[in-house]
2 protein chains.
Amino acid sequence: MTPGAPQRPAPAANEPRRRPTINDVARLANVSKKTVSRVINQSPFVNKDTRERIDTVIKELGYAPDPVARGLASRRSYLVGLIYDNPNPQHVIDTQQGILDVIRGSGLELVIHPCNRRDKDFLNGVRGFIDRQKLAGVILPSSVSEDEDLVAVLREYDTPYVRIASVPLDEPEHSIVTNDSEGARQAAEHLAGLGHRVIAHVSGPDTFRSSHERRSGFIEGLKTAGLELDKKLDLRAGYTFQSGIEAGRRLMAMPARPTAIFCGNDEMAAGVCQAVRETGLEIGKDVSVVGFDDSPLASRMWPALTTVLLPIRASGRMASIRLLGDRLTKEPQEEDRQGEVHPTLVVRASSGPAKT
Amino acid sequence: MTPGAPQRPAPAANEPRRRPTINDVARLANVSKKTVSRVINQSPFVNKDTRERIDTVIKELGYAPDPVARGLASRRSYLVGLIYDNPNPQHVIDTQQGILDVIRGSGLELVIHPCNRRDKDFLNGVRGFIDRQKLAGVILPSSVSEDEDLVAVLREYDTPYVRIASVPLDEPEHSIVTNDSEGARQAAEHLAGLGHRVIAHVSGPDTFRSSHERRSGFIEGLKTAGLELDKKLDLRAGYTFQSGIEAGRRLMAMPARPTAIFCGNDEMAAGVCQAVRETGLEIGKDVSVVGFDDSPLASRMWPALTTVLLPIRASGRMASIRLLGDRLTKEPQEEDRQGEVHPTLVVRASSGPAKT
DNA sequence: GCGAGTATTGACACCGGTATCAATAAGGGA
DNA sequence: TCCCTTATTGATACCGGTGTCAATACTCGC
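Remember, predicted model here, so these are calculated numbers, not experimental data. (Residues numbered from 1 in each chain as written. Chains lettered and ligands numbered in written order. Predicted model: local features only at pLDDT ≥ 70, side-chain atom pairs only at ≥ 80, totals over all residues. Heavy atoms only, no water.)

**Q** Got a sec to walk through unusual backbone geometry? Specific residues and values, please.
**A** Omega for the peptide link from Trp302 of chain A to Pro303 of chain A comes to -10°, which places this bond in the cis form. By secondary structure assignment, the location of Pro303 of chain A is in the loop between α12 (296-300) and β10 (307-309). Even without being a glycine, Arg75 of chain B presents a positive backbone phi close to 60°. One can find Arg75 of chain B in the loop between α4 (67-74) and β1 (79-85). Residue classification places Arg75 of chain B among the exposed positions, given a relative accessible area of 62%. (Helix = DSSP H or I, 4+ residues; strand = E, 2+ residues; numbered from the N terminus. Buried < 20%, exposed > 50% of the residue type's maximum accessible area, 1.4 Å probe, protein only.)

Next up, the structure:
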């Protein structure tokens, strides 16, 4: 190459583009690769002039460190894991979105790992996942956050994690709280305020903490209004549409039929509505129904469903910030630094005044 | 260490577990790491005895190659990318599931990258994603598969990809076809068979190939039944619930009101149903409505929506198999090796005989 | 002007694999 | 029996970063 020729020869035409490496930067900036490494890692032990010179070269070259190589050397990849069970599609999507809201632009990527907790082999699946990739961290939404065996595996492999749960956990610094009970309380107060006195509850499975939280919040709300939850009107179902239909049928068959029904999620609420209609009664007039989640279904049903909005996406953002704080390049929104979200009631047409 | 002492000293108690590496295997099997590498990569140039000896050690140690290190050395990571826009949550989830069905157990992971094609910067986002990770491959579901700029970027970075599209593309070996028009044709024949003569169509945006496919299939189906699609009854909407409501209102306001409406997706169908109800008419009796997708919404609505089921999850499986064939450890199902899926009509209560 | 303390920097090994190519061993034909 | 092939194997460099620790350069106090 003659002197004065361009420092960076154009790659041969058909040759696939080659990313500049730390070595290229070091050579052009006339420093060692270690110093470049210091600059990209924001080490304070670099002379200002040197730093600027290197930064210039980095910009010129469009250099970006290779996450794979970094991962190998530092034993920490740039991958964030999301483990979940029980795909309530909207929850999953919202959580994914929330995480991506935060990590986008920081060179981190989101790797998803759905699993099935009822499958006795699921822990091995997770183990493989954790062990293979040296994840930067893992986020555990409510569908798995209460699984202590799972959390034990994460600890065992020394993988950082944050749990999203309906209620505060032992490790507040590793968790985000969604305060489900608050939402259920609002639902109860809403129905009581409409004049309902015989109010039923259809819950999710007892194996979910959220079922308990929503129930206890509901009971609390009733109490505020001077009401109690009749044990016979407190039904266990399965968080599914079908189980909602069945619970609804049982309620409709009761001699002292409830005039309002609070359901632990929208899926069951939709099922309950179906059962109510089968008996010829009108939703929102004869029987009020309230759900939980504010899933897309809720606003598209007819009549539209009164429900509790749970800010899942925000909880995903908060969890990621907790998990990755220092590895994020962009400063997170102040409101997303909180450790909890609060549900709100969305009133639609499925709940109306009690007939007197 | 005295001779006869255990070859592999137990790690100190608190020391975090250290994965066995290829060096450990090589030492114990008394071969070079390259030979071990050959074994794990199924090279044919290894003596049978040697291979067996190494396999034994691998099993004893529970050794598994480190995907990060492999990625660095081979310039191909073990990550499969899924790029999508416009989250119809169910599509997204189904596609994710389909991919995971296939790659699970092969040491590959799924990295998701939602994007927004209307954002003029979206290509740069994708570029960063592609460039940083040296993806094993990328899957492009229908929401992005027709974006030629995007595909150009993938080619530019020499990243393998498979597109899922409603209609055959130029590169059949890199695509999976969902044959949307077939489903629309069935919908048309179904409605015509019920005696409807004035049938409307509410389509998605013209910018989606799927909108055209569904329309043309629908027209074809009508033709089979000796009908034509009246231009005034062929409305463009936006694939959203809200746009469905608006389209429905326009249709209901027409002097020659249609007795049946085929919608390009379930979201719009739900909106149309709402508009129909606003006029006091009954779905399935006065006006029949058919959707497309068989989203969860369809079966939970009241009355339940007749719709076209698109096997998205299967298309995700097929796409992954196309993409990764040789890198998969488990033999794929024969039916998933096809290059196309076929929609089927799911008849529910929202479509009924035309009133005479 | 000199020794000590602090600020910068780089040489080199290493992370855990893969690629290249030469070296060695085994088999076959003349 | 000897040379040439073919089958196996390993030495070594390399992928693109990070960690350790020593070396060098300054600055300050006396």
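Having seen the structure, we can now continue with the description.
**Q** Describe the nonpolar core, and please don't skip the residues or the numbers.
**A** Taken as a class, soluble globular proteins show a tendency for nonpolar side chains to be buried jointly. By size, the foremost hydrophobic cluster in this structure holds 56 residues, and its most contacted members are Val202, Ile261 and Val289 of chain A together with Val202, Ile261 and Val289 of chain B. Setting aside anything within four residues of it in sequence, one finds Ile261 of chain A in contact with Ala200, Val202, Leu251, Met252, Val272, Val287, Ser288, Val289 and Val290 of chain A. (Core = buried A, V, L, I, M, F, W, Y, C linked by side-chain atoms within 4.5 Å. Contact = heavy atoms within 4.5 Å.)

**Q** Describe the protein's contact with DNA strand D, with residues and values.
**A** Ile22 and Ser37 of chain A together with Thr35, Arg38 and Thr50 of chain B are the nearest of the 28 residues found near DNA strand D. When atoms of DNA strand D within 4 Å of the protein are split into backbone and base, the sugar-phosphate part holds 60%. At 2.4 Å from a phosphate oxygen of DNA strand D is found a side-chain nitrogen or oxygen belonging to Ser37 of chain A. Within the side chain of Tyr63 of chain A, an N or O atom sits 3.0 Å from a sugar or linking oxygen of DNA strand D. Partitioned by chemical class, the residues of the surface near DNA strand D number 13 nonpolar, 8 polar and 7 charged. (Near = heavy atom within 4 Å. Polar contact = N/O pair within 3.5 Å; in protein donor to acceptor, adjacent residues only side chain to side chain. Nonpolar A, V, L, I, M, F, W, Y, C, P; charged D, E, K, R; others polar.)

**Q** Describe the sheet that holds strand β8 (residues 260-263) of chain A, with residues and values.
**A** All names here are of chain A. Spatially, the 4 strands line up as an open sheet ordered β7-β6-β8-β9, and their pairing is parallel. In this open sheet, the two strands that pair with only one neighbour each are β7 (234-236) and β9 (288-290). Looking at each pair of strands side by side, their axes are set apart by 15° on average, direction ignored. As paired strands, strand β6 (residues 199-203) and β8 are joined by 4 bridges and run parallel to one another. Its bridge partner being in β8, His201 is matched across the sheet by Phe262. (Pairing = 2+ DSSP bridges. Axes fitted to C-alpha atoms, helices over the stretch in contact; angles between N-to-C directions.)

**Q** Describe the relation of the copies chain B and chain A, listing the residues and the values that go with them.
**A** Taken as rigid bodies, chain B and chain A are interconverted by a rotation of 180° and an axial shift of 0.1 Å, the fit giving an RMSD of 0.1 Å. Viewed as a symmetry operation, the transformation between the two copies matches a two-fold axis. Closest approach to the rotation axis among the C-alpha atoms of chain B is made by Val111 of chain B, whose C-alpha sits 2.2 Å away. Interface overlap between copies: 100% of the residues of chain B at the interface are likewise at the interface in chain A, consistent with a symmetric, same-surface contact. (Least-squares fit on C-alpha atoms with pLDDT ≥ 70 in both.)

**Q** If you had to explain the interface of chain B and chain A to someone new, which residues and values would you point to?
**A** With 44 residues of chain B at the contact, the number on the chain A side is 44 residues. Carbon and sulfur atoms supply 60% of the area that chain B and chain A bury against each other, a total of about 4300 Å² over both sides. Summed over the shared surface of chain B and chain A, the result is 8 salt bridges. Put simply, Glu109 of chain A and Arg132 of chain B hold a salt bridge, and the shortest N to O gap is 2.7 Å. If you look at where chain B meets chain A, you find 13 residue pairs in polar contact (both at pLDDT 80 or more). If you list the elements that add at least two residues to the side of chain B that touches chain A, you get α4, β1, α5 (89-103), β2 (109-115), α6 (122-132), α11 (266-278) and α12 (296-300) of chain B. In terms of residues, the side of chain B that touches chain A owes the most to one element, α5 of chain B, which gives 7 residues. Along the lines of polarity and charge, the residues of the side of chain B that touches chain A split into 22 nonpolar, 9 polar and 13 charged. Bridging between strand β2 (residues 109-114) of chain A and β2 of chain B involves 3 bridges; their strand directions are antiparallel. Following the sheet pairing, Leu110 of chain A is matched in β2 of chain B by Ile112 of chain B. (Buried area = accessible area lost by both parts, 1.4 Å probe. Salt bridge = Lys/Arg side-chain N within 4 Å of Asp/Glu carboxyl O.)

**Q** An account of the side chain of Arg277 of chain A is requested, with residue identities and associated values reported.
**A** Topologically, Arg277 of chain A is positioned in helix α11 (residues 266-278). Buried charge Arg277 of chain A goes without a salt bridge, the closest partner of opposite sign being Glu282 of chain A at 8.5 Å. A polar side-chain atom of Arg277 of chain A sits 2.5 Å from the main-chain carbonyl oxygen of Trp302 of chain A. If near-sequence neighbours (up to four positions away) are discounted, Arg277 of chain A is found in contact with Ile283, Trp302 and Pro303 of chain A together with Trp302 of chain B. (Lys, Arg positive; Asp, Glu negative; His and termini not counted.)

**Q** Please set out the environment of Arg51 of chain A residue by residue, giving values where relevant.
**A** Residues and elements named next belong to chain A. Its location among the elements puts Arg51 in helix α3 (residues 48-61). The spatial distance from the C-alpha of Arg51 to the C-alpha of Ala29 is 9.7 Å, given a sequence separation of 22 residues. Setting aside its immediate chain neighbours within four residues, Arg51 contacts Val39, Ser43, Pro44 and Val46. A polar atom in the side chain of Arg51 sits 2.9 Å from the backbone oxygen of Ser43.

**Q** Explain the protein's contact with DNA strand C to me, and be specific about the residues and the numbers.
**A** Taken together, 28 residues form the shell around DNA strand C, and within it Thr35, Arg38 and Thr50 of chain A together with Ile22 and Ser37 of chain B come nearest. Of what DNA strand C places within 4 Å of the protein, 60% of the atoms are sugar or phosphate. One of the side-chain nitrogen or oxygen atoms of Thr50 of chain A is found 2.4 Å away from a phosphate oxygen of DNA strand C. A distance of 2.8 Å separates a base nitrogen of DNA strand C from a polar side-chain atom of Lys33 of chain B. For the surface near DNA strand C, the elements supplying multiple residues, two or more each, are α2 (33-40) and α4 (67-74) of chain A together with α2 (33-40) and α4 of chain B. Residue composition of the surface near DNA strand C, grouped by class: 13 nonpolar, 8 polar and 7 charged.

**Q** Please set out the packing of aromatic side chains residue by residue, giving values where relevant.
**A** Residue and element names in this part refer to chain A. Tallied over the entire structure, the rule returns 6 aromatic pairs over all chains. Cluster of aromatic residues (ring-pair linked, three or more members): Phe218, Phe262 and Phe292. For the cation-ring pair, Arg214 lies above Phe292, with the distance from its terminal atom to the ring centre recorded as 3.9 Å. When the ring centre of Tyr78 is taken as origin, the NZ or CZ atom of Arg327, which lies over that ring, is 4.5 Å away. (Phe/Tyr/Trp six-rings, centres within 6.5 Å; stacked < 30°, edge-to-face > 60°. Lys NZ or Arg CZ within 6 Å of the ring centre and 35° of its normal.)

**Q** Tell me about helix α3 (residues 48-61) of chain B, residues and numbers included.
**A** All names here are of chain B. Counted at 1.5 Å a residue, the expected span for α3 with its 14 residues is 20 Å, and the 20 Å between its end C-alpha atoms agrees. Of the surrounding elements, those touching the buried residues of α3 are α1 (22-29) and α2. You can read the cap of α3 off the contacts: a side-chain oxygen lies 2.8 Å from the backbone nitrogen of Asp49, and it is on Asn47. Among the residues trailing α3, Gly62 stands out with phi positive, at a value near 65°. (Expected span 1.5 Å × (residues − 1).)

**Q** Outline the sheet that holds strand β3 (residues 137-140) of chain A, listing residues and values.
**A** The strand order β5(A)-β4(A)-β3(A)-β1(A)-β2(A)-β2(B)-β1(B)-β3(B)-β4(B)-β5(B) describes an open sheet built from 10 strands, whose pairing is mixed. One side of each edge strand has no neighbouring strand; the edge strands of this open sheet are β5 (175-177) of chain A together with β5 (175-177) of chain B. Taken over all neighbouring pairs, the strand axes of this sheet differ in orientation by 25° on average, direction set aside. Pairing of strand β4 (residues 161-165) of chain A with β5 of chain A, which is carried by 3 bridges, proceeds in the parallel orientation. Looking across to β5 of chain A, one finds that Arg163 of chain A is bridged to Ser175 of chain A.

**Q** Can you lay out the packing of helix α8 (residues 180-193) of chain A against helix α9 (residues 209-224) of chain A for me, pointing to particular residues and giving the numbers?
**A** Axes are the key here: two packed helices are described by the angle between their axes and the distance separating the axes. Residue and element names in this part refer to chain A. Taken N-terminus to C-terminus, the directions of α8 and α9 make an angle of 40°; their axes are 7 Å apart at the nearest point. Taken together, α8 and α9 sit at an angle that is classed as oblique. By crossing handedness, the relation of α8 to α9 is classed as right-handed. Within the contact between the two elements, α8 uses Asp180, Ser181, Ala184, Arg185, Ala188 and Glu189 and α9 uses Ser210, Glu213, Arg214, Ser216, Gly217, Phe218, Glu220, Gly221, Leu222 and Thr224. (Parallel < 35°, antiparallel > 145°, perpendicular 65-115°, else oblique. Left-handed = near helix turned anticlockwise from the far one by under 90°.)

By themselves, these observations are geometric and do not establish any function.
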